[in-house]
Amino acid sequence: MKVLRLHAPKDFRMHDEPIPAPGYKEALIKVGSVGICASDIHWWRDGHIGSTHLSDPLVLGHEASGIVEAVGDGVTNVQPGQRVAIEPSKPCMQCEFCKSGHFNVCPTVMFFGTPPTDGCLREYIVWPAELLLSVPNSISLDEAAMLEPLAVGIYAVDLADVSPGETCVILGAGAIGLSVLQSLKAVGISRILVADPVPARRDAALRFGAESVCDPSEVHTAAKALTSGRGFDIVFECAGDAQAVRETAKLARVLGRVVIVGIPREDEYPFDAGNARRKQLSAIFVRRSNLTTERGIDVVLSGKIDAAGLATHTFPLENAEEAFTLAESKSDGVIRAVIRIHDTL
Ligand SMILES: [Zn+2]
Ligand SMILES: [Zn+2]
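Model, not experiment: these values are computed from the prediction. (Residues numbered from 1 in each chain as written. Chains lettered and ligands numbered in written order. Predicted model: local features only at pLDDT ≥ 70, side-chain atom pairs only at ≥ 80, totals over all residues.)

Novice: Which residues make up the nonpolar core, and what values go with them?
Specialist: Counting 103 residues, the largest nonpolar core has I170 and F236 as the members making the most contacts within it. At 13 residues, helix α3 (residues 141–160) tops the list of elements feeding residues into this core. Shared between two domains, this core takes at least three residues from each, and those domains are domain 1 (2–139 + 307–340) and domain 2 (150–285). In this structure I170 touches G177, V180, L181, I192, V194, F236 and C238, once residues within four positions along its chain are discounted. (Core = buried A, V, L, I, M, F, W, Y, C linked by C-beta atoms within 7 Å. Buried ≥ 20, exposed ≤ 12 C-beta atoms within 10 Å, placed from the backbone. Helix = DSSP H or I, 4+ residues; strand = E, 2+ residues; numbered from the N terminus. Domains from an automatic or database assignment. Contact = placed C-beta atoms within 7 Å.)

Novice: Before we move on, can you summarise the environment of I189 with the specific residues and values?
Specialist: Tracing the backbone through its elements, the reader meets I189 in the loop between α4 (175–186) and β13 (192–195). Taking the number of C-beta atoms within 10 Å as the measure of exposure, I189 has 23 and is therefore buried. Separated by 80 residues in sequence, I189 and Y269 have C-alpha atoms that sit 27 Å apart.

Novice: Describe the packing of helix α1 (residues 38–46) against helix α10 (residues 320–329), listing the residues and the values that go with them.
Specialist: α10 packs onto α1 with a crossing angle of 110° between their chain directions and a minimal axis gap of 10 Å. On the basis of the axis angle, α1 is roughly perpendicular to α10. Contacts from I41, W44 and R45 of α1 reach α10 at F324, A327 and E328. In terms of residue class, the contact of α1 with α10 is built from four nonpolar, no polar and two charged. (Axes fitted to C-alpha atoms, helices over the stretch in contact; angles between N-to-C directions. Parallel < 35°, antiparallel > 145°, perpendicular 65-115°, else oblique. Nonpolar A, V, L, I, M, F, W, Y, C, P; charged D, E, K, R; others polar.)

Novice: Lay out the domain arrangement of the chain with the relevant residues and their values.
Specialist: What the domain assignment reports for the chain is domain 1 (2–139 + 307–340) and domain 2 (150–285). On the side of domain 2, ten residues touch domain 1, which itself brings twelve residues to the contact. Looking at the side of domain 1 that touches domain 2 element by element, the count peaks at three residues for α1. Considered class by class, the residues forming the side of domain 1 that touches domain 2 number five nonpolar, five polar and two charged.

Novice: Go over the pairing of strand β12 (residues 168–171), please, and point to the residues and values.
Specialist: Every second residue of β12 is oriented toward a common face, with C168 and I170 on one face and V169 and L171 on the other, all of them buried. Here β12 runs beside β13; their pairing, made up of four bridges, is parallel. Of the residues in β13, the one forming a bridge with C168 is I192. For the crossover from β12 across α4 to β13, the handedness is right-handed. Pairing of β12 with strand β15 (residues 232–237), which is carried by four bridges, proceeds in the parallel orientation. (Pairing = 2+ DSSP bridges. Right-handed = clockwise from strand over helix to strand, strands pointing away.)

Right under this line is the structure:
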């Protein structure tokens, strides 16, 4: 089978490797669609995320869907032929955090496309069957791949503990920012400003229900207009950008909440200490998602969230380089570039 491995920054090489066999309680999945996340772009461009560096050639990709090809002994939840979204993290289930249900912060969690765990840019994968979520035929495999970023948005909104009528600003309108936006809309929040430097992403934010949008250079003027100078109840940082993080404390109201979802290129968050302190802000850092994918399926089925609108461009596995280049450039209206490993499913 074809397996795409990252050997060094911007050095993808296609390998031919044997199709693995599923073991006890595992399934073999024919991979359908894989979304390219900003974290994949960090690996591809920089060869590291924070202090974690690329060591052995790594298979990227964690936003994935597919069709069950075969199952090992002891599997009862899925059958061959079933369409599935794939949970990318495999927690240890033994530590104090797993035992209290905080699977996403398990210190030894394995996660697709993060060393030493290979991701999904390959034709087949074996993964524990209990980490597969069945999706109905009405959800395409591209949409099913978008359930992972959607789950992050839903989880960020959960952590923000939003109340009816609160005002929110979202900095960054990539797939995660737009997932946060749609998750806020799905729980009835409507007073939302979205700031992004890319005009096509501002247009997408308006389509997905933002009350107003602006370029980041105008965010303080727009904030004043939307909150009458009070500041936002909640600020979501989804740009993964130091300057955006710096703005969060300025944009939040007194006793407001700042929710940091983006991954910065440098391993630090530059806060405006004066504002953060004087306003007594609460900062919430979001680690991926936890148990929110099933709700993602429900809100997509109910029509409250548009997953298809996130998957704007598709490429075959052979053109992964082109897909990553487009995703990095944020040009041509791209929200998520999606690799269709098997296009005919
Ligand atoms: Zn991701
Ligand atoms: Zn654990």
